[in-house]
Amino acid sequence: MVIDGRTTLCGLFGCPVEHSFSPLMHNTAFQYLKLNWAYVPFKVEPHQLPRALSSIPALNLAGVNVTIPHKEAVLRYLDELTPCAASIGAVNVILNREGKLVGDNTDGRGFIKSLQEEAGLIPAGKKAVILGAGGAAKAAAVQLAVEGAEEVSIVNRTPGKAEQLARAVQNLGSKSRVLTWEQTGEAAAAINEADLVVQATSVGMYPDVNSHLPVPEDAFHSGQVVYDLIYNPLKTKFLKMAEIRGAKAVSGLGMLLYQGALAFELWTGTAAPVNIMREALQKQLKGR
Ligand code: NAP
């Protein structure tokens, strides 16, 4: 990659950023398409966020991705939010539109795209259960409701967060129930009745790969799609349990890929080379 006076820059604002796969995914795509663009990770401490955001138009960046811990904190500093970012209440991509900062969220759309591509599941009219109520759960649940899911129920350790998310889902027209992990039997029954189960907690993520949520194996069955938002490892213990019972198991790599591909397209106006980006991610994950 040669950086010169004509290079268009974009990047990532987060803290930490060392472990992000986004620079690899985007820079591989730029090189493949011979675009004179570069993606740079910027470690932005929370107290520096306002100054970092004002540097986007000042330095003429095309835009940035936003990750932990800034996805909600950026909202108040942006000029505009897309309806999608407003309903999720978080931003993962900022576009520099002639000096105006527009916040969008491609996490939920990336999740839906992956669900359709990898599991052939169309959410309209389906029953889903989301396990977790953090940032990733919120993006997935809201987008499922936007796509017309009949029911999007939430199981979470902290009931207050689940109740807030359930209200957001109900406001978009889907039914929603809230359960906690103490209600083991009800949670297992809700999972059993669902067409789609989304594991959206950090339980089972590397290095804690032997952990899984307290869901009995017989809650899963064939004809169900079980999606784990975790992509490291590619097959979590939770996914292995679901697969043994005949469910279609899908890892979070697709969500990571498609949220990135959608951001790439918003910035460049060019179709993202998703196969090349997927290969780069897989290679990186196998190397870890
Ligand atoms: P987050 O906002 O910190 O939320 C974490 C969630 O996990 C919360 O619901 C939390 O419950 C729950 N949780 C944590 N430890 C738990 C435990 N021991 N028992 C039960 N529940 C527990 O994190 P996030 O950003 O949503 O990320 C969640 C997962 O999604 C991570 O593994 C992350 O890698 C993955 N992710 C994937 C993608 C992708 O592109 N594939 C994108 C974003 C995130 P409480 O509410 O009770 O604390």
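The structure under discussion appears in the preceding block.
A. Molecular detail of the pattern of salt bridges. All chains considered together, the criterion is met by 9 salt bridges. Note that Arg 109 is salt-bridged to Asp 104, the shortest N-O span being 3.0 Å. Take Asp 104: its relative accessible area is 5%, and that puts it in the buried class.

B. Spotlight on the site of the ligand. Close contacts around the ligand come from 21 residues, with Ala 133, Ala 136, Asn 156, Thr 158 and Lys 161 the closest. Between the ligand and the protein, one listed contact pairs an oxygen atom with a side-chain N or O atom of Arg 157 at 2.9 Å. The separation between an oxygen atom of the ligand and a polar side-chain atom of Thr 158 is 2.5 Å. Computed on the free molecule, the ligand has an accessible area of 920 Å², of which 75% lies beneath the protein chains in the complex. Judged by its atoms lying within 2 Å of the grid points, the ligand is housed in the largest pocket. For the shell around the ligand, the elements supplying multiple residues, two or more each, are α5 (135-146) and α9 (253-268). Of the residues in the shell around the ligand, the class split is 11 nonpolar, 8 polar and 2 charged.

C. Structural view of the sheet that holds strand β4 (residues 80-81). Reading across the sheet, the 6 strands line up as β2-β1-β3-β5-β6-β4 and stay open at both edges, with mixed pairing between neighbours. Looking at which strands have only one partner, the edges of the open sheet turn out to be β2 (37-43) and β4. Summarising the sheet, strand β1 (residues 8-14) and strand β3 (residues 63-66) pair through 4 bridges and their orientation is parallel. In the sheet register, Phe 13 faces β3, and the bridge partner there is Val 66.

About the thresholds
- Residues numbered from 1 in each chain as written.
- Predicted model: local features only at pLDDT ≥ 70, side-chain atom pairs only at ≥ 80, totals over all residues.
- Heavy atoms only, no water.
- Salt bridge = Lys/Arg side-chain N within 4 Å of Asp/Glu carboxyl O.
- Buried < 20%, exposed > 50% of the residue type's maximum accessible area, 1.4 Å probe, protein only.
- Near = heavy atom within 4 Å.
- Polar contact = N/O pair within 3.5 Å; in protein donor to acceptor, adjacent residues only side chain to side chain.
- Areas by Shrake-Rupley, 256 points an atom, 1.4 Å probe, with all protein chains shown as cover.
- 1 Å grid on protein atoms, 1.4 Å probe; cavity = no way out; pocket = protein on both sides within 12 Å on 5 of 7 lines; lining within 4 Å.
- Sits in = over half its atoms within 2 Å of the grid points.
- Helix = DSSP H or I, 4+ residues; strand = E, 2+ residues; numbered from the N terminus.
- Nonpolar A, V, L, I, M, F, W, Y, C, P; charged D, E, K, R; others polar.
- Pairing = 2+ DSSP bridges.

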